[in-house]
Amino acid sequence: MWLTDQLAEQHILAAQKKGELENLPGSGEPLRLDDDSHVPAELRSAYRLLKNSGYLPPELALRREALQLSDLLSGLDPSEERYEQCSKQLLLMKMKLQQAGMSTDFLAGDYAAGLNKRFSGAE
């Protein structure tokens, strides 16, 4: 067990002995856990610490940036000069994501369209 895990366990045990963890909101309800199964066990606490501090791995930061750019493009008129620049940037981001081994299907919006279709009863 890593030092951070041991410290956390010590603090949890001390709080339990003092009764500070009784009658908390959500007590007895299932936990909503993040899926960290893709992260090696020895790195999970460090990744969670970074994630909770607002830091992302470069691939996920690039993914977020690509989504923002895609949203921007959807609001621009294709005849604008800025549209072409943003389109080229998005294409470059797609290539970087693919080189990192990530799928770029999230940019197509097919999944969201399928969900909307399914939930609207149009199927």
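Refer to the structure above for everything that follows.
An account of the accompanying structure is given in this report. (Residues numbered from 1 in each chain as written. Predicted model: local features only at pLDDT ≥ 70, side-chain atom pairs only at ≥ 80, totals over all residues. Heavy atoms only, no water.)

Here we look at the overall build of the protein
A count of helical and extended segments in the protein gives five helices and zero strands. Written out in order from the N terminus, the α and β elements of the protein read α-α-α-α-α. Evaluated residue by residue, the protein yields a buried proportion of 12% over its 123 residues. Taking as baseline every contact in the protein between residues at least 6 positions apart, the subset at least 24 positions apart corresponds to 42%. (Helix = DSSP H or I, 4+ residues; strand = E, 2+ residues; numbered from the N terminus. Buried < 20%, exposed > 50% of the residue type's maximum accessible area, 1.4 Å probe, protein only. Contact = heavy atoms within 4.5 Å.)

Notes on the packing of helix 3 (residues 58–75) against helix 4 (residues 81–99)
Helix 4 packs onto helix 3 with a crossing angle of 150° between their chain directions and a minimal axis gap of 10 Å. Classified by the angle between their axes, helix 3 and helix 4 sit roughly antiparallel to one another. When you trace helix 3 past helix 4, the crossing you get is left-handed. Contacts between helix 3 and helix 4 involve Glu59, Leu62, Arg63, Glu65, Ala66, Leu69, Ser70, Leu72 and Leu73 on the former and, on the latter, Arg82, Tyr83, Cys86, Ser87, Gln89, Leu90, Met93, Lys96 and Leu97. (Axes fitted to C-alpha atoms, helices over the stretch in contact; angles between N-to-C directions. Parallel < 35°, antiparallel > 145°, perpendicular 65-115°, else oblique. Left-handed = near helix turned anticlockwise from the far one by under 90°.)

Overview of the pattern of salt bridges
One pass over the structure, following the stated rule, counts one salt bridge. In this structure, glutamate 84 engages lysine 88 in a salt bridge whose closest nitrogen and oxygen atoms are separated by 3.4 Å. Placement of both glutamate 84 and lysine 88 in helix 4 is noted, with a separation of four residues, approximately one turn of the helix. Judged by its relative accessible area of 55%, lysine 88 falls in the exposed class. (Salt bridge = Lys/Arg side-chain N within 4 Å of Asp/Glu carboxyl O.)

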